[in-house]
Amino acid sequence: DELLLEADDVSKHFPLRGGRAVRAVENATIRLRRGHIIALVGESGSGKTTLARLLARYYPPTSGEVRLRGRSDTPTKEYRGQVQMIFQDPFAALNPVHRVRYILGRVLRVHGHARTRAETAEQAAALLRRVNLTPPEDYLDKFPHELSGGQRQRIVIARALAVRPQVLLGDEPVSMLDVSIRLDILNLLARLRDEDGVALLYITHDIASARYFADEIHVMYGGQMVEGGPAEAITDRPLHPYTRLLLDSAPDPGRTVAVDEAGEADDPGEPPSLIDPPSGCRFHPRCPAARAVCAEAFPPRTERPGGHWTHCWLLEKGD
Ligand code: SF4
């Protein structure tokens, strides 16, 4: 499938006073293809939001490159027209003083997809139908506070679609919603992928929903990418000890469970600080299988057939 957006060996360090830095992302590579859903999984503080913001070009990487269709110099307006982010909090994402009609209409006009008032209204209505808010007339004149959390997130998605993007970056798009409607919103995103062929990055701490929803799962820990591949391979045959920990902490794979809530009792430790993070494999202070080499160097990438890869010294040949 056509490669749309890639982060190639990117790192992001946020400098602090005194020469220290928050090393939020370290040498991460990810490739988003047309019609493909990748789940980026990890606990909070694993660097997944920073990686998404690098992909959205909110800030530049400290090293490495972000490329849209092979180019790293796409002008900002064109970039925003192709790559859109959906945030976690549908309450904060919508300006409370504007009606839905204005929220959608403004984006349609700014991006040149509607000119006249009639055209704008017609397209805003079409967007509401696409996100299953029907009949649209019931929603166009509402303010965000008159809508439920799920309806608001549908408006946020409709607003992202108004741009006609090629890539959607969803940062925990359902984690603040009622468990009962999470699946509806994920199904909506999957349908948009089917209809428009958008590439979708689904960021979550919930590996159970990732398996249900994504084609591929990539796992981050402490700013490093530790494992990735087809969703089934990751959940059925995990290679990395951290992925196993995530799976063990998600008790019921059929449910949308927050790993950090569900796994609290047997969690063997805290996520690492990203200021002065652990050396080598950042998971080594928590890893039941750690050995001396793990603290010395980050393990190279080990490939398995079918596109399944990991970074773990356990998998190194002859070790
Ligand atoms: Fe554990 Fe070492 Fe593998 Fe890291 S490299 S996950 S510390 S065994």
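Residues numbered from 1 in each chain as written. Predicted model: local features only at pLDDT ≥ 70, side-chain atom pairs only at ≥ 80, totals over all residues.

J.: Explain the environment of valine 22 to me, and be specific about the residues and the numbers.
T.: Within the element layout of this structure, valine 22 appears in strand S2 (residues 21-33). For the pair valine 22 and proline 299, spaced 277 residues apart in sequence, the C-alpha to C-alpha distance is 21 Å. (Helix = DSSP H or I, 4+ residues; strand = E, 2+ residues; numbered from the N terminus.)

J.: Go over the sheet that holds S2 with me, naming the residues and quoting the values.
T.: Taken in spatial order, the 3 strands make up an open sheet running S2-S1-S4, and their pairing is antiparallel. Of all the strands in the sheet, just S2 and strand S4 (63-68) have a single pairing partner and so form its edges. Put simply, the sheet's adjacent strands are angled 15° from each other on average, direction ignored. Strand direction decides the pairing type here: strand S1 (residues 3-15) and S4, joined by 5 bridges, are antiparallel. Each residue of the ladder has a partner; that of alanine 7, found in S4, is valine 66. (Pairing = 2+ DSSP bridges. Axes fitted to C-alpha atoms, helices over the stretch in contact; angles between N-to-C directions.)

J.: Talk me through the site of the ligand; I want residue IDs and the actual numbers.
T.: Taken together, 13 residues sit near the ligand, with Cys281, His284, Cys287, Cys294 and Cys312 positioned nearest. Tallied by class, the residues present in the shell around the ligand amount to 11 nonpolar, 2 polar and no charged. (Near = placed C-beta within 6 Å. Nonpolar A, V, L, I, M, F, W, Y, C, P; charged D, E, K, R; others polar.)

J.: Can you lay out unusual backbone geometry for me, pointing to particular residues and giving the numbers?
T.: In this chain, threonine 134 is followed by proline 135 through a cis amide linkage whose omega measures -10°. The phi dihedral of arginine 57 is positive, around 60°, even though this residue is not glycine.

J.: Residues and numbers for the nonpolar core, please.
T.: Residues Ala39 and Leu201 are the most contacted members of the largest nonpolar core, which totals 81 residues. Counting residues per element, this core draws most heavily on helix H7 (residues 149-162), at 7 residues. Setting aside chain neighbours within four positions, we find leucine 201 in contact with Leu32, Ile38, Leu40, Ala52, Leu55, Leu169 and Gly170. (Core = buried A, V, L, I, M, F, W, Y, C linked by C-beta atoms within 7 Å. Buried ≥ 20, exposed ≤ 12 C-beta atoms within 10 Å, placed from the backbone. Contact = placed C-beta atoms within 7 Å.)

J.: Talk me through the sheet that holds strand S8 (residues 216-221); I want residue IDs and the actual numbers.
T.: Across the sheet, which stays open at both edges, the 8 strands sit in the order S5-S6-S7-S3-S8-S9-S11-S10 with mixed pairing between neighbours. The sheet terminates laterally at strand S5 (83-86) and strand S10 (301-304), the two strands that pair on one side only. Taking each pair of neighbouring strands and ignoring which way they run, the sheet shows an average axis angle of 20°. As paired elements, strand S3 (residues 37-41) and strand S7 (residues 199-204) share 5 bridges and run parallel to each other.

J.: Break down the UniProt feature "domain: ABC transporter" (unreviewed entry) in the chain for me, citing the residues and quoting the values.
T.: Here the UniProt feature "domain: ABC transporter" (unreviewed entry) sits at residues 5-247. Secondary structure content for residues 5-247 is 41% helix and 26% strand, while the C-alpha to C-alpha distance between its ends is 28 Å. (UniProt positions renumbered as here; feature names shortened; annotations may be inferred.)

J.: How would you sum up the environment of glutamine 82? Please name residues and give values.
T.: In this structure, glutamine 82 sits in helix H2 (residues 76-82). Each C-alpha atom of the pair glutamine 82 and alanine 56 lies 9.7 Å from the other, and the pair is 26 residues apart in sequence. Among residues more than four places away in sequence, those in contact with glutamine 82 are Leu68, Pro165, Gln166 and Val167.

J.: Just give me the short version of the confidence of the model for the chain, but keep the residues and values in it.
T.: Detailed reading of the predicted model is not advised wherever pLDDT is low. Scored by pLDDT, the chain has a mean of 90; 93% of the residues are at 70 or more. Within the chain, no element has a lower average pLDDT than helix H12 (residues 259-262), which sits at 40, and none a higher one than S4, at 98. Low confidence marks residues 253-268, where pLDDT is under 50. Its contacts with residues over four positions away, or in another chain, come to 33 contacts. The complex model carries a pTM of 0.88, and its ipTM stands at 0.99. (pLDDT = per-residue confidence, 0-100.)

J.: With reference to specific residues and values, describe the pairing of strand S9 (residues 224-230).
T.: Counted residue by residue, S9 has 6 buried out of 7 residues, so it is predominantly covered. As paired strands, S8 and S9 are joined by 6 bridges and run antiparallel to one another. Among the inter-strand pairings, glutamate 216 is bridged to a residue of S9, identified as proline 230. Taking the residues that link successive antiparallel strands as the turn, the S8-S9 hairpin has 2 residues, and the phi of glycine 222 there is positive, at about 55°.

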